[in-house]
Amino acid sequence: MSILTPDIQSSLEAQGIELPSWAFGNSGTRFKVYGTPGTPRDPFEKIADAAEVNRVTALAPSVALHIPWDKVDDYAALRAHAEDLGVSLGTINSNTFQDDDYKFGALTHLDPKVRQKAIDHHLECIDIMDATGSRDLKIWLAEGSNYPGQADLRGRQDRLAESLQKIYARLSGEQRLVLEYKFFEPAFYHTDVPDWGTSYVQVAALGERAMVCLDTGHHAPGTNIEFIVMQLLRLGKLGSFDFNSRFYADDDLIVGAADPFQLFRILFEVIRGGGLNNPDVAFMLDQCHNIEKKIPGQIRSVLNVQEMTARALLVDRAALAAAQEAEDVLAAHAVFMDAFSTDVRPALAEWRESRGLPADPMAAYAASGYQEKIEADRVGGVQAGWGA
Ligand code: PSV
Ligand code: MN
Ligand code: MN
């Protein structure tokens, strides 16, 4: 009998992780952007690559877009292309961090003309959502200041609230706004949405369809991220995750690579707080593969999430509750650690095969010939995404 009970299997089967289109483009650091053979030349090719990840894992049914990186003339055609390849278009990410006008702020800028330009960009993103069928508009703001005294912190917060209100008012139907926080970078003294509390305060003022986005790389070192996950789920305000891992800052490395135990703890709180089927939470990756190949990098990432999810589902919740009730510290901790220490890889491989999927998706991709084909075909193209 597999350690993955039928209940665990059906939870795992429902898991879907959204891939970021920009993970397939070239990226790097502020020191160097490396070119990688086979890099997509346009959003259509990024989606084709994302569909490969889904083909070998059945774990990545949708792709998030970043505007303007993924600007195309015909979003209906992009949507049809995605659907032909068995994936859908997901979250639309706005971008107010690559325009000189926004040097001192976008949605918080002192000049109403600049604020309006930034608001209009978001309205355009919502038009795109209408065409792509996307539910979520994700807003991450690069705004803040570098020196104490430089800016009126409170005035900026008021202008932010006003601008967000205008964007929120344009949403229709099931569409939502998710506001991502980040404690520093590119601003180094203050950031206008630095933490979950600020994001929560801003979205709570907007209404029910405004939620918080938690990027796992956007906290000070040592932050108990699973506590934030618990609290936001408890408040009904966790709209989405940007998964990645980090050693030092916002490293955007493969999720689960730096601290698998942290990923396990986060996923345990997700399960405790409503499960993987919770329709309010979008599970997304936000990663940049600087030195590794992009498609296998994404395959590794979704498999890491699946593996830690399986381990988190193995926690004996009844035994844990009993030990917690009895204040048996070591027994409770042991129940938790037993699940974390379980090697689920053989059981997952067997389960994948039973569903007609490759037991080893990394090996299946390597054997497919797709990588060789894109490396041969996509020569001399314009690189897309970060570093474009
Ligand atoms: C900012 O660091 C961020 O996490 C936001 O989600 C951006 O949209 C994304 O990175 C771009 O990679
Ligand atoms: Mn992010
Ligand atoms: Mn980030």
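Residues numbered from 1 in each chain as written. Chains lettered and ligands numbered in written order. Predicted model: local features only at pLDDT ≥ 70, side-chain atom pairs only at ≥ 80, totals over all residues.

The name recorded for the protein in an unreviewed UniProt entry is L-rhamnose isomerase, from Microbacterium fluvii.

Participant: I'd like to hear about the pairing of strand β3 (residues 88–93), residue by residue, with values.
Facilitator: Taking burial as the measure, the 6 residues of β3 include 5 buried ones, the bulk of the element. Between the parallel pair strand β2 (residues 62–66) and β3, the chain is carried across by helix α3 (residues 75–84), and the sense of this crossover is right-handed. Across 2 bridges, the pairing between β3 and strand β4 (residues 136–140) is parallel. In the strand pairing of β4, Ile92 is matched with Leu137. (Buried ≥ 20, exposed ≤ 12 C-beta atoms within 10 Å, placed from the backbone. Helix = DSSP H or I, 4+ residues; strand = E, 2+ residues; numbered from the N terminus. Right-handed = clockwise from strand over helix to strand, strands pointing away. Pairing = 2+ DSSP bridges.)

Participant: Help me get a handle on the site of ligand 1, residues and values and all.
Facilitator: Looking at ligand 1, the residues that line it are Trp22, Asn93, Trp140, Glu180, Lys182, Asp215, Asp242, Asp250 and Asp286. For the shell around ligand 1, a count of residues per class yields 2 nonpolar, 1 polar and 6 charged. (Near = placed C-beta within 6 Å. Nonpolar A, V, L, I, M, F, W, Y, C, P; charged D, E, K, R; others polar.)

Participant: Any chance you could break down the packing of helix α4 (residues 112–132) against helix α5 (residues 153–168) for me, citing the residues and the numbers?
Facilitator: Viewed as axis vectors pointing N to C, α4 and α5 meet at an angle of 35 degrees, and their least axial separation amounts to 9 Å. Crossing hand, α4 versus α5: right-handed. Only Arg159, Ser163, Lys166 and Ile167 of α5 make contact with α4, whose side of the interface consists of Arg115, Ala118, Ile119, His122 and Leu123. Here the residues of the contact of α4 with α5 sort into 4 nonpolar, 2 polar and 3 charged. (Axes fitted to C-alpha atoms, helices over the stretch in contact; angles between N-to-C directions. Left-handed = near helix turned anticlockwise from the far one by under 90°. Contact = placed C-beta atoms within 7 Å.)

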